[in-house]
Amino acid sequence: AGTRGRHWGVGVPPRWTMSQHTKVPALEAEDKASFLQIEAEKGFPVDPANLQIARSFQRSTAGDFVTQLAVRREQIERLSVVLHAAGLKPVSYSLGLAVLPGCMPSAGSGGCITVAVEPAGVTFLITAGGGIAAFRTSEASIESEAGEKVVNGRSVARELRITLEQLP
């Protein structure tokens with residue numbers, strides 16, 4: 001591909017990412033970590049020990065919230081093997097949408113909705129209060145008469161409404 005560097009930040013495919021949104025009660029730091037661990041155990045379909053979990057905290061007038069984003073460790077490990085075989089050294093893994101300019105506003109500057117539309121579906125990234133408030137993927141395509149995938153605008157709007165309704 002004509003790349004020159006060897007050290008890379010890697011964007012994780014959106015469909016690999018699971019997320020959950022939780023209101024965080026006022027707790028001491030060690031109690032907060034235990035609370036979030038329990039929430040991960042309840043909210044993710046996989047044992048948290050098998051997940052790489054990142055947490056994004058937000059503040060709103062309704063209180064403190066956290067969005068936990070998780071990817072299966074085995075997927076990260078397989079991707080690392082492929083990258084190393086190509087002679088590349090991953091230095092970090094992140095959501096690709098989150099690194100786009102303007103997608104992560106600062107804590108005091110309001111929020112932002114980023115929608116990535118592809119023939120296979122749609123990805124929503126909602127940021128507010130200095131962190132990721134929601135991250136969700138959805139199939140939003142239909143087959144046309146010609147057999148190709150076409151984005152269904154009504155489905156995208158419905159999925160965005162569902163995502164926004166989950167936020168405080």
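Residues numbered from 1 in each chain as written. Predicted model: local features only at pLDDT ≥ 70, side-chain atom pairs only at ≥ 80, totals over all residues. Heavy atoms only, no water.

1. Quick word on the pattern of salt bridges
Next, step 1: Within the structure shown, the criterion is met by 3 salt bridges.
Next, step 2: With a shortest N-O distance of 3.1 Å, Glu39 and Lys42 are connected by a salt bridge. Taken together, the residues Glu39 and Lys42, both in helix H1 (residues 29-43) and 3 residues apart, mark about one turn of the helix.
Next, step 3: Across the pair Glu159 and Arg136 runs a salt bridge, and its minimum N-O distance is 2.6 Å. Within this pair, whereas Glu159 is found in helix H3 (residues 153-165), its partner Arg136 is found in strand S8 (residues 131-138), the two being separated by 23 residues in sequence. (Salt bridge = Lys/Arg side-chain N within 4 Å of Asp/Glu carboxyl O. Helix = DSSP H or I, 4+ residues; strand = E, 2+ residues; numbered from the N terminus.)

2. A word on the pairing of S8
Next, step 1: Among the 8 residues that make up S8, 6 are buried, leaving the element largely enclosed by the rest of the structure.
Next, step 2: Where strand S7 (residues 121-128) and S8 come together, 7 bridges link them in antiparallel fashion. By the bridge assignment, Thr123 is partnered in S8 with Thr137.
Next, step 3: Connecting S7 to the antiparallel partner S8 that follows it, the hairpin turn spans 2 residues, and Gly129 within it adopts a positive phi of roughly 60°. (Buried < 20%, exposed > 50% of the residue type's maximum accessible area, 1.4 Å probe, protein only. Pairing = 2+ DSSP bridges.)

3. Observations concerning the environment of Gln58
Next, step 1: Its location among the elements puts Gln58 in strand S3 (residues 51-60).
Next, step 2: Here Gln58 falls in the buried class, since its relative accessible area comes to 6%.
Next, step 3: Between the C-alpha atom of Gln58 and that of Thr127, which follows or precedes it by 69 residues, the distance is 8.7 Å.
Next, step 4: With near-sequence residues (within four places) excluded, Gln58 lies in contact with His21, Gly63, Asp64, Phe65, Val66, Thr67, Ala128, Gly129, Gly131, Ile132 and Ala133.
Next, step 5: In this structure the side chain of Gln58 is engaged in a polar contact, spanning 3.4 Å, whose partner is the side chain of Thr67. (Contact = heavy atoms within 4.5 Å. Polar contact = N/O pair within 3.5 Å; in protein donor to acceptor, adjacent residues only side chain to side chain.)

4. Things to note about the sheet that holds S3
Next, step 1: The 3 strands lie next to each other as S2-S4-S3, forming an open sheet whose pairing is antiparallel. Where the open sheet ends on each side, the last strands, each with one partner, are strand S2 (18-24) and S3. Within this sheet the neighbouring strands show an average axis-to-axis angle of 20°, counted without direction.
Next, step 2: Note that S3 and strand S4 (residues 63-72) share 10 bridges and pair antiparallel. Across the sheet, Leu51 pairs through a bridge with Arg72, a residue of S4.
Next, step 3: Strands in contact with H1 are S2, S3 and S4; relative to S2, the strand with the most contacts, it is inclined by about 135°.
Next, step 4: Docked against the sheet, helix H2 (residues 73-85) engages S3 and S4, running at close to 55° with respect to S4. (Axes fitted to C-alpha atoms, helices over the stretch in contact; angles between N-to-C directions.)

5. Topic: the nonpolar core
Next, step 1: The biggest cluster of nonpolar side chains holds 8 residues, and these are Leu69, Leu95, Leu97, Ala98, Cys103, Leu125, Ile132 and Phe135.
Next, step 2: Setting aside its immediate chain neighbours within four residues, Leu95 contacts Thr17, Leu69, Ile132 and Phe135. (Core = buried A, V, L, I, M, F, W, Y, C linked by side-chain atoms within 4.5 Å.)

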